[in-house]
Amino acid sequence: MDTKILDWHSQAKTCKLDGRAFIDGRRLAAIDGKTFDCVSPIDAKILTQVSRCQTADVDLAVKVARTAFNDGRWSRQSPAERKRVLQKWAEKILAAREELALLETLDMGKPIKWSLSVDVPAAARCIQWYAEALDKIYDEIAPTAHNALALIQREAMGVVGCIVPWNYPMIMSAWKLGPALASGNSVVLKPSEKSPLTAMRLAELGLEAGLPSGVLNVVPGFGQEAGEALALHMDVDAIGFTGSTRVGRKMLEYSGQSNLKRVFNELGGKSANIIFADFEDLDRAAKTAAGSMFFNQGESCNAPSRLLVQEEIADAFIEKVASQAPQHAPGDPLDVNTIMGALVDESQLRTVMSYIEAGNAQGAKCIVGGTQARIESGGFYVNPTIFDRVNNDMKIAREEIFGPVLSVIRFKTEEQAIAMANDSSYGLQAGVWSSNINRAHRVARALKVGTVHVNQYDDDDITVPFGGYKQSGNGRDKSLHAFEKYTELKTTWLRIEAA
Ligand code: NAD
C-alpha cells in the first residue's frame with residue numbers, strides 16, 4: 001500500500017467536486033435544473049451543489065436501465081466478460097483511493113484514516129469478490145423422473161433500484177452493486193442526500209472500466225422525491241434498501257402500492273453485547289466494547305449499543321470501558337491521527353443530543369461525555385458518551401441512536417441476559433463474551449439475531465452474510481447469499497421421449 005503522507009487540508013482545497021447525477025454514462029443536471037446544498041459536517045461549509053433528482057429524472061434513469069437490460073449489452077455478456085469489467089472497476093476504485101477517501105470524509109465526516117484504510121478497500125474488495133464469484137456458480141438439475149429434465153436456474157431480474165444510507169456510502173453501495181451487477185442486472189442507485197458524492201464518482205469509474213452506459217445510473221436527491229419515485233416505479237423489479245426501519249416499512253408499502261417489486265431491507269439495530277463474569281480477558285473485552293461502539297462515530301447499524309454486564313464484575317468492567325473513551329475523542333477528520341470524526345449533519349447532532357437528554361431525564365447515569373465537542377469548528381461533533389444504570393425499558397435502550405452513545409445494563413443470570421438481549425424490536429447482531437464454551441454456544445443459539453460475535457466483535461469479511469432478524473430486515477448482503485436478492489429462480493421442464 002502507498003504510504004505517502006498527504007496534507008489533506010490542501011488536497012481538500014483543490015479536489016474536484018461534481019454533484020451532478022450520472023445517467024446513461026453521462027453527468028447530468030436534474031431535468032428541472034434544481035440542486036441542493038452539499039454541506040460538509042466537518043465545518044458546516046457548503047462543498048458543492050448536487051442535482052436534486054425527482055420523478056422525471058428517475059423515469060429517465062429507469063428507462064435507460066431497462067433499454068440496457070433488454071438489449072443485452074450487459075445482461076447477455078458472457079460471465080467472463082462481466083468478470084473482466086468488474087475486476088477492472090475494482091482496480092480503478094483502488095487506484096482512485098485518495099480521491100474517493102477524501103470525498104467520503106468531506107461529505108460524511110468520518111476520519112480520513114478510516115476512509116482510506118477501511119471504506120475504499122472494502123468497496124473495491126466487494127466488487128472484486130463478486131467479479132470472481134460470478135463465473136463459479138453452477139445451476140441445478142432436479143432429480144425428476146427418467147423421461148424429464150428439469151433445470152433450475154437463477155437469472156437476472158432486470159432493473160434493480162438500490163437505495164442506500166449515509167453512514168458507509170461507498171461500502172453500502174458496493175454491497176448492492178457487486179451482486180446486482182455481477183448477475184447481469186441494470187441498476188439505478190439512489191445515494192443518501194447527506195453523502196451523495198462518492199456514488200457518482202464510483203459510477204464514472206465503472207464506465208471507465210468498461211461497464212456499458214445505461215447499466216449503472218445514479219440519481220442523487222431526497223428520500224421523499226427521488227427515493228420514493230424509484231421505489232414506486234412500475235418498471236423497477238426489485239429494491240435493495242439499506243436504511244432505517246421507518247423507511248424500510250415504507251419500502252414494503254411502496255411495493256404494495258405499485259408492482260409488488262421484490263423488497264430487501266437491511267435496517268437498523270440495537271445490538272446487545274453481553275459480558276459474562278467468567279470471561280478471562282476483560283481488558284480486551286472492554287477495549288472492543290468501546291472501540292466497536294465509537295467506530296464511525298457510533299453511526300453503524302451493528303454498533304454494540306447495549307452493553308449487558310454481569311453484576312459481579314460490573315463496576316470494574318464499566319470503569320475499564322470508560323477509561324477507553326478519551327482515545328475516541330472527536331478530532332479533525334482530515335488529520336490522519338483522528339479516529340473519531342463528525343456526525344453526518346446538524347439534524348443527526350440534534351437527534352443524538354436529544355437521546356442524551358432522554359437518558360438523563362429517565363434516570364440513567366451519564367458517566368462519560370454527554371456533550372458536544374469542537375463547537376468552534378462549526379461542525380457537528382459529540383463526545384463519546386456512556387450511560388450506566390440503564391434499564392432495558394428506557395428510550396436509550398430501545399431506540400437506535402446512531403451516535404456515540406453507549407447504554408450499560410446490568411444483569412444477574414444467563415437467562416436474564418438472553419431475555420433482555422432478545423427484548424428488542426431489532427435483531428441485527430449481538431456479542432457474547434464467555435470463557436465457558438457451553439455457555440457461549442448456548443447463548444449464541446438463543447439470540448434472535450442475524451450475527452452473533454463470540455469473544456470478539458470486529459470480525460468481518462465479504463464472504464460472510466450480513467443482515468438481521470425481526471425489524472432489522474430481511475435478505476442478506478454480502479457472501480453468495482446476496483445473489484438470491486438480485487436473481488429470480490427459473491425452472492424449465494423438458495420431456496425426453498422414449499426412442
Ligand atoms: P434513512 O432510512 O433515513 O435513509 C436511507 C435512504 O432512504 C436514503 O437514501 C434516503 O434518502 C432514502 N429515503 C428516506 N426516506 C425515503 C422515502 N420516503 N422513500 C424512499 N426513500 C427514502 O436512513 P439513514 O438515516 O440514511 O441511515 C441510517 C439507518 O440505516 C440506520 O437505521 C442504520 O441502522 C441503517 N443501516 C443498516 C445497515 C444494515 O446493513 N442493516 C447498514 C447501514 C445502515
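Going by the structure above, here's the rest.
Conventions we followed
- Residues numbered from 1 in each chain as written.
- Predicted model: local features only at pLDDT ≥ 70, side-chain atom pairs only at ≥ 80, totals over all residues.
- Heavy atoms only, no water.
- Helix = DSSP H or I, 4+ residues; strand = E, 2+ residues; numbered from the N terminus.
- Rg over C-alpha atoms; globule rule 2.2 N^0.38 Å.
- Buried < 20%, exposed > 50% of the residue type's maximum accessible area, 1.4 Å probe, protein only.
- Contact = heavy atoms within 4.5 Å.
- Near = heavy atom within 4 Å.
- Polar contact = N/O pair within 3.5 Å; in protein donor to acceptor, adjacent residues only side chain to side chain.
- Areas by Shrake-Rupley, 256 points an atom, 1.4 Å probe, with all protein chains shown as cover.
- Phe/Tyr/Trp six-rings, centres within 6.5 Å; stacked < 30°, edge-to-face > 60°.
- Lys NZ or Arg CZ within 6 Å of the ring centre and 35° of its normal.
- Pairing = 2+ DSSP bridges.
- Right-handed = clockwise from strand over helix to strand, strands pointing away.
- Axes fitted to C-alpha atoms, helices over the stretch in contact; angles between N-to-C directions.
- Parallel < 35°, antiparallel > 145°, perpendicular 65-115°, else oblique.
- Left-handed = near helix turned anticlockwise from the far one by under 90°.
- Nonpolar A, V, L, I, M, F, W, Y, C, P; charged D, E, K, R; others polar.
- Salt bridge = Lys/Arg side-chain N within 4 Å of Asp/Glu carboxyl O.

Q: Sorry if this is basic, but what is going on with the overall build of the protein chain here?
A: Of regular secondary structure, the protein chain possesses 16 helices and 23 strands. Compactness check: the protein chain gives a C-alpha radius of gyration of 23 Å against a globular reference of 23 Å for 499 residues, within 12% of the reference. Principal-axis analysis of the C-alpha atoms places the extent of the protein chain at approximately 75 × 60 × 45 Å. A total of 499 residues make up the protein chain; the buried ones form 58% of that total.

Q: What should I look at first to understand the environment of Lys83 in this one?
A: Residue position: Lys83 is located in helix H3 (residues 79–95). Between the C-alpha atom of Lys83 and that of Ala96, which follows or precedes it by 13 residues, the distance is 20 Å. Here Lys83 is in contact with Ala131, Leu134, Asp135 and Lys136, once residues within four sequence places are set aside.

Q: Sorry if this is basic, but what is going on with the site of the ligand here?
A: Looking at the ligand, there are 30 residues lining it, with Val164, Lys190, Glu193, Ser244 and Glu400 nearest. Between the ligand and Val164, the relevant distance is 2.7 Å, taken from an oxygen atom to a main-chain nitrogen or oxygen of the residue. Gly223 is positioned with one of its backbone polar atoms (N or O) 3.2 Å from a nitrogen atom of the ligand. For the ligand, whose free accessible area comes to 850 Å², the fraction covered by protein is 93%.

Q: I tried to follow the packing of aromatic side chains on my own but got confused; where do I start?
A: Each aromatic ring pair is described using two quantities: the centre-to-centre distance and the angle formed by the ring planes. One pass over the full model with this rule turns up eight aromatic pairs. The interplanar angle of 55° and the centroid separation of 4.9 Å between the aromatic rings of Trp175 and Phe466 together place this pair among those described as tilted. Taken together, the residues Trp175 in helix H6 (residues 169–182) and Phe466 in the loop between strand E21 (451–454) and strand E22 (469–470) connect sequence positions 291 residues apart. Three or more aromatic residues joined by ring pairs make a cluster, and in this case those are Trp129, Tyr130 and Phe483. The cationic tip of Lys113 hangs over the ring face of Trp114; the distance from NZ or CZ to the ring centre is 5.6 Å.

Q: It is not clear to me how the pairing of strand E20 (residues 429–433) should be interpreted in this structure. Could you clarify?
A: Of all the five residues making up E20, five are buried; the element is thus mostly covered by neighbouring parts of the structure. Side-chain alternation along E20 places Gln429, Gly431 and Trp433 on one buried face and Ala430 and Val432 on a second face that is also buried. Note: E20 against E21, four bridges, orientation parallel. Among the inter-strand pairings, Ala430 is bridged to a residue of E21, identified as Val452. As for the winding sense of the linkage, the β-α-β connection from E20 through helix H15 (residues 437–446) to E21 is right-handed.

Q: How should I be thinking about the pairing of strand E3 (residues 35–39) in this particular structure?
A: Remark: a regular strand shows side chains that alternate across the two faces of the sheet. Pairing of E3 with strand E4 (residues 46–51), which is carried by five bridges, proceeds in the antiparallel orientation. Residue pairing for E4: Val39 is matched across the bridge by Ile46. Hairpin connection, E3 to E4: the antiparallel pair is bridged by six residues, and Ala44 has positive phi, about 65°.

Q: What am I meant to see in helix H8 (residues 223–232) here?
A: By the burial criterion, the buried members of H8 are Ala226, Gly227, Ala229, Leu230 and Ala231. Buried residues along H8 sit in contact with helix H2 (55–71), strand E7 (159–163), strand E8 (186–190), strand E10 (238–242) and helix H9 (245–257).

Q: Would you mind showing me how to read the sheet that holds E20 here?
A: Strand-to-strand pairing in sheets goes through backbone hydrogen bonds, with the strands running parallel or antiparallel. Spatial strand order, E14-E17-E18-E13-E12-E20-E21: seven strands in an open sheet with mixed pairing. Two strands close off the open sheet at either side, each with one partner strand: strand E14 (365–368) and E21. For this sheet the average axis-to-axis angle between neighbouring strands, irrespective of direction, equals 25°. Examined bridge by bridge, strand E17 (residues 385–388) and strand E18 (residues 405–411) share three bridges and lie parallel to one another. When the bridges of E18 are listed, Ile386 appears paired with Leu406.

Q: How do you make sense of the packing of H2 against H8 when you look at a structure like this?
A: Helix-helix packing is characterised by the crossing angle of the two axes and by the distance between the axes. Taken N-terminus to C-terminus, the directions of H2 and H8 make an angle of 40°; their axes are 8 Å apart at the nearest point. Of the possible angle classes, the one that applies to H2 and H8 is oblique. Note on packing geometry: the crossing formed by H2 with H8 is right-handed. Along the contact surface, H2 presents Thr55, Val58 and Val62, while H8 presents Ala226, Ala229 and Leu230. Here the contact of H2 with H8 is built from residues that sort into five nonpolar, one polar and no charged.

Q: What is the right way to read the sheet that holds strand E6 (residues 148–156) from this model?
A: Spatial ordering of the open sheet is given by E5-E6-E23, a layout of three strands whose pairing is antiparallel. On the outer flanks of this sheet lie strand E5 (140–141) and strand E23 (487–495), each paired with one strand and no other. Bridging between E5 and E6 involves two bridges; their strand directions are antiparallel. In the strand pairing of E6, Ile141 is matched with Leu151.

Q: Teacher, can you tell me more about the pattern of salt bridges here?
A: Pairing between side chains becomes possible if they bear opposite charge and their charged atoms approach one another. Scanning the model with the defined rule gives 35 salt bridges in all. A salt bridge links Glu266 to Lys485, with the shortest nitrogen-to-oxygen separation between them at 3.3 Å. With Glu266 in strand E11 (residues 262–266) and Lys485 in helix H16 (residues 483–486), this residue pair connects regions lying 219 residues apart in the sequence. As far as the burial class goes, Glu266 and Lys485 line up, both buried. With a shortest N-O distance of 3.5 Å, Lys395 and Glu399 are connected by a salt bridge. On the basis of relative accessibility, which here comes to 34%, the residue Lys395 falls in the partly exposed class. Residue Glu399 is classed as partly exposed on the basis of its relative accessible area of 31%. Put simply, Asp18, Arg20, Arg27, Glu99, Arg201 and Glu204 are held in one network by salt bridges that share partners.

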